[in-house]
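So the chains spell out like this:
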Amino acid sequence: METVVVTDELQAYLDGLVPPRDRVLARIEDEAHRENIPIVDPHEGMLLYLLVKISRGKRVLELGTATGYSGIWLLRGTDGGSLTTFEVDHKRAERARANFAEAGLGKQAMVLEQDAVGGLEKLDERFDVCFIDLLNSFPSEAVTQRVLDLCLERLDGGALLMADNALRQGGVVHPKSQQERNVARYNELIAKHPQVESVVVPIRDGLSVARVRD
């Protein structure tokens, strides 16, 4: 079977099939592309929204807020649920709060300005969905494994655990950089973990999707 290569033209076609974004999401997209702020983009955002909606998740945990783009997609999938999200950059956290408020989600989104690892260790809440958007940022494979353990400890059976950048633009095949080794380690851990069933979806830079076993 032939493998389809996702060219820029094909990606634009796929993005064009996503329903038009509202004014808030469209503005965040423009700002992100102009200022080189990493976001999931509309194609993957729609997938996150659908996965949360299908799972009927209400309590969402996110590691890596940036300016709130993915958080808005995730929250909208909950139909009135809540989001707890970590962001260490104060200016981005403030922008995210403003964006959540403008999207009508200000009361549902809690942006915590602290390191995700330290913050997770102090977090007692339970969640239905977790989205990790920091695989590129962890300092070591040990920290990557620690984050996975902390997330799983806070997820109930049937919960979703998702992670962005699961392919590192192909670098996971022969990982050389620390970031590539981190992502490859995460993928290996998830694939073999007895507590979850998982798959990597080759959308954009790869989305790891796992379901916690009941």
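Figured I'd write up the structure that's included with this text. Within every chain, residues take consecutive numbers counted from 1 along the sequence as written. Local features are withheld for residues below a pLDDT of 70 in this predicted model, meaning they are given only at 70 or higher, and side-chain atom pairs are given and counted only at 80 or more; totals for whole chains, interfaces and linings count all residues. With hydrogens and water set aside, each side-chain value is computed from the structure's full complement of heavy atoms.

1. Description of the sheet that holds strand 5 (residues 155-164)
Here is step 1 of the chain: Whether two strands pair comes down to DSSP finding at least two bridges between them. In this description a helix means any DSSP run of H or I spanning at least four residues, a strand means any run of E spanning at least two, and both kinds are numbered starting from the N terminus. One open sheet holds the seven strands; their spatial order is 3-2-1-4-5-7-6, and the pairing between them is mixed. The open sheet terminates on both sides in strands that have one partner only, identified here as strand 3 (109-112) and strand 6 (196-201). Here the strands of the sheet are splayed against their neighbours by 15° on average, with no regard to which way each runs.
Here is step 2 of the chain: Where strand 1 (residues 59-63) and strand 4 (residues 127-132) come together, four bridges link them in parallel fashion. Convention adopted: a line fitted to C-alpha atoms gives each axis, helices being fitted over their contacting stretch, and angles between N-to-C directions are expressed from 0 to 180 degrees.

2. Side note on the pattern of salt bridges
Here is step 1 of the chain: A side-chain nitrogen of Lys or Arg and a carboxyl oxygen of Asp or Glu constitute a salt bridge if their distance falls within 4 Å. This model, assessed by the stated rule, comprises 23 salt bridges.
Here is step 2 of the chain: Overlapping salt bridges, with partners in common, bring together Arg 23, Arg 27, Glu 31, Glu 35, Arg 95 and Glu 102 in one network.

3. Examining the pairing of strand 1
Here is step 1 of the chain: Counted residue by residue, strand 1 has four buried out of five residues, so it is predominantly covered.
Here is step 2 of the chain: As judged from the five bridges shared by strand 1 and strand 2 (residues 82-86), these two strands associate in the parallel manner. Bridge assignment links Glu 62 to a residue of strand 2, and that residue is Thr 85.
Here is step 3 of the chain: Here is how to tell: hold the view so the strands point away, follow the path from the first strand over the helix to the second, and if it runs clockwise the crossover is right-handed. In this view, the connection linking strand 1 to its parallel neighbour strand 2 by way of helix 4 (residues 69-78) has right-handed handedness. Relative accessibility decides the category of a residue: with a 1.4 Å probe and only protein chains considered, values under 20% of the type maximum give buried, values over 50% give exposed, and everything between is partly exposed.

4. A closer look at the nonpolar core
Here is step 1 of the chain: Residues Ile 72, Phe 100 and Met 162 are the most contacted members of the largest nonpolar core, which totals 33 residues.
Here is step 2 of the chain: Among the elements of the structure, helix 2 (23-35), helix 3 (41-55), helix 4, helix 5 (90-102), strand 3, strand 4, strand 5 and strand 7 (207-212) are those that each provide at least two residues to this core.
Here is step 3 of the chain: If you tally residues by element for this core, the top one is helix 4, at five residues. Definition used in this section: a nonpolar core is a set of buried Ala, Val, Leu, Ile, Met, Phe, Trp, Tyr and Cys residues joined via side-chain atoms within 4.5 Å.

5. Re the side chain of Thr 65
Here is step 1 of the chain: Within the element layout of this structure, Thr 65 appears in the loop between strand 1 and helix 4.
Here is step 2 of the chain: In this analysis, two residues are considered to be in contact whenever any of their non-hydrogen atoms come within 4.5 Å of each other. Filtering out sequence-adjacent residues up to four positions away, Thr 65 remains in contact with Thr 85, Phe 86, Glu 87, Ala 96, Phe 100 and Val 111.

6. Digging into the side chain of Thr 84
Here is step 1 of the chain: Mapped onto the fold, Thr 84 is located in strand 2.
Here is step 2 of the chain: Classification of Thr 84 by relative accessible area gives buried; the value is 11%.
Here is step 3 of the chain: Excluding residues that lie within four positions of it along the chain, Thr 84 makes contacts with Val 60, Leu 61, Glu 62, Met 110, Leu 112 and Phe 127.

7. Observations regarding the environment of Ile 203
Here is step 1 of the chain: Within the fold, Ile 203 resides in the loop between strand 6 and strand 7.
Here is step 2 of the chain: Looking at Ile 203, the relative accessible area reads 8%, which means it is buried.
Here is step 3 of the chain: Distance in space between the C-alpha atoms of Ile 203 and Asp 164 is 9.5 Å, their sequence separation being 39 residues.
Here is step 4 of the chain: Once residues within four sequence positions are removed from consideration, Ile 203 is found in contact with His 43, Glu 44 and Leu 47.

8. Things to note about the pairing of strand 6
Here is step 1 of the chain: By the bridge criterion, six bridges tie strand 6 to strand 7 in an arrangement that is antiparallel. Across the sheet, residue Val 200 finds its bridge partner in strand 7, namely Ser 208.
Here is step 2 of the chain: The hairpin formed by strand 6 and strand 7 contains five residues between the paired strands, and Arg 204 there has a positive phi angle of roughly 50°.

9. Notes on the packing of aromatic side chains
Think of a pair of aromatic rings as described by two things: how far the centres are apart, and how the planes are tilted against each other in angle.
Here is step 1 of the chain: Aromatic pairs are defined between Phe, Tyr and Trp rings, using the six-membered ring for Trp, whenever the two ring centres lie within 6.5 Å; interplanar angles under 30 degrees are classed as stacked, those over 60 as edge-to-face, and all others as tilted. Overall, the coordinates contain two aromatic pairs when judged by the stated rule.
Here is step 2 of the chain: An angle of 65° between the planes, with centres 6.5 Å apart, marks the rings of Tyr 49 and Trp 73 as edge-to-face. Of this pair, Tyr 49 sits in helix 3 while Trp 73 sits in helix 4; the two residues are 24 residues apart in sequence, bridging distant segments of the chain.
Here is step 3 of the chain: Owing to a relative accessible area of 6%, Trp 73 belongs among the buried residues under this scheme.
Here is step 4 of the chain: Seen in terms of ring centroids, Tyr 69 and Trp 73 are 6.3 Å apart; in terms of plane orientation they differ by 75°. Their pairing is edge-to-face. Here Tyr 69 pairs with Trp 73, and both are found in helix 4, just four residues apart, close to one helical turn.
Here is step 5 of the chain: Its relative accessible area of 1% is what places Tyr 69 among the buried residues.
Here is step 6 of the chain: Through a chain of ring-to-ring contacts, three or more aromatic side chains come together here, namely Tyr 49, Tyr 69 and Trp 73.

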